[in-house]
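Listed below are the residues making up each chain.
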Amino acid sequence: MHTAEFIVSSARLGELYECSALLRRTRLRAEEIVDEARALLDEAERHGDAERVLTLTDELEEARQAYAKVLNAYVIISRRIDAERQEILQAQIEHDRLSGVA
């Protein structure tokens, strides 16, 4: 791997890590929202508030769908980070092999 390619790959990996950190925080918050929505629904069910149960059931489903999207994005970025790291490692191994580094 040429120096310029290594710099670009390293920068790209850094950006992926930043995205991962943001998605991790977003995922945790989305998880909290789902838990809060579930707790509100449970409370409405305990109080027998049928209208509120319907509304909160819809809101819980929306929260779950949003969480699933965030989780999917987090998994995708994590896989991309692994692939990028693997590419950098493979290029470094190839460079070392070609340059005779033991």
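In case you missed it, the structure is sitting above this.
Quantities reported herein were computed from a predicted structural model and do not represent experimental measurements.

(A) Region of interest: the pattern of salt bridges. For the structure shown, the criterion picks out nine salt bridges. As a salt-bridge pair, R27 and E31 come within 3.8 Å of each other at their nearest N and O atoms. Of the two residues, R27 and E31 are both situated in helix α1 (residues 3–47); the distance of four residues between them amounts to about one turn of the helix. Relative accessible area serves as the criterion here: at 17%, R27 is assigned to the buried category.

(B) Molecular detail of the packing of α1 against helix α2 (residues 50–99). The contact between α1 and α2 brings their axes to 8 Å, and the two run at 160°. On the basis of their axis angle, the class for α1 and α2 is roughly antiparallel. As for the relative orientation of α1 and α2, their crossing is left-handed in sense. Looking at the contact of α1 with α2 residue by residue, the class counts come to 25 nonpolar, five polar and twelve charged.

(C) How the structure looks around the environment of D35. Relative to the helices and strands, D35 resides in helix α1. For the pair D35 and R64, spaced 29 residues apart in sequence, the C-alpha to C-alpha distance is 9.5 Å.

(D) Structural detail: α2. Here α2 spans 73 Å end to end across 50 residues, near enough to the 74 Å set by a 1.5 Å rise per residue. Taken residue by residue, α2 has V53, L56, L60, A63, V70, Y74, I77, I81, E84, I88 and A91 as its buried positions. Taken together, the buried residues of α2 touch α1. Just past α2, the residue G100 takes up positive phi, approximately 80°.

(E) Broad picture of the packing of aromatic side chains. Going through the model one piece at a time under the given rule, you end up with zero aromatic pairs. Looking at R27, its charged tip hangs above the ring of Y74, at a distance of 4.9 Å from the centre.

(F) Here's a closer look at the environment of E31. In this structure E31 comes out as partly exposed when scored by relative accessible area, which is 31%. Through-space distance from the C-alpha of E31 to that of E94 is 42 Å; in sequence the pair is 63 residues apart. One polar contact links E31 to Y67, side chain to side chain, over a distance of 3.3 Å.

The rules behind the values
- Residues numbered from 1 in each chain as written.
- Predicted model: local features only at pLDDT ≥ 70, side-chain atom pairs only at ≥ 80, totals over all residues.
- Heavy atoms only, no water.
- Salt bridge = Lys/Arg side-chain N within 4 Å of Asp/Glu carboxyl O.
- Helix = DSSP H or I, 4+ residues; strand = E, 2+ residues; numbered from the N terminus.
- Buried < 20%, exposed > 50% of the residue type's maximum accessible area, 1.4 Å probe, protein only.
- Axes fitted to C-alpha atoms, helices over the stretch in contact; angles between N-to-C directions.
- Parallel < 35°, antiparallel > 145°, perpendicular 65-115°, else oblique.
- Left-handed = near helix turned anticlockwise from the far one by under 90°.
- Nonpolar A, V, L, I, M, F, W, Y, C, P; charged D, E, K, R; others polar.
- Expected span 1.5 Å × (residues − 1).
- Contact = heavy atoms within 4.5 Å.
- Phe/Tyr/Trp six-rings, centres within 6.5 Å; stacked < 30°, edge-to-face > 60°.
- Lys NZ or Arg CZ within 6 Å of the ring centre and 35° of its normal.
- Polar contact = N/O pair within 3.5 Å; in protein donor to acceptor, adjacent residues only side chain to side chain.

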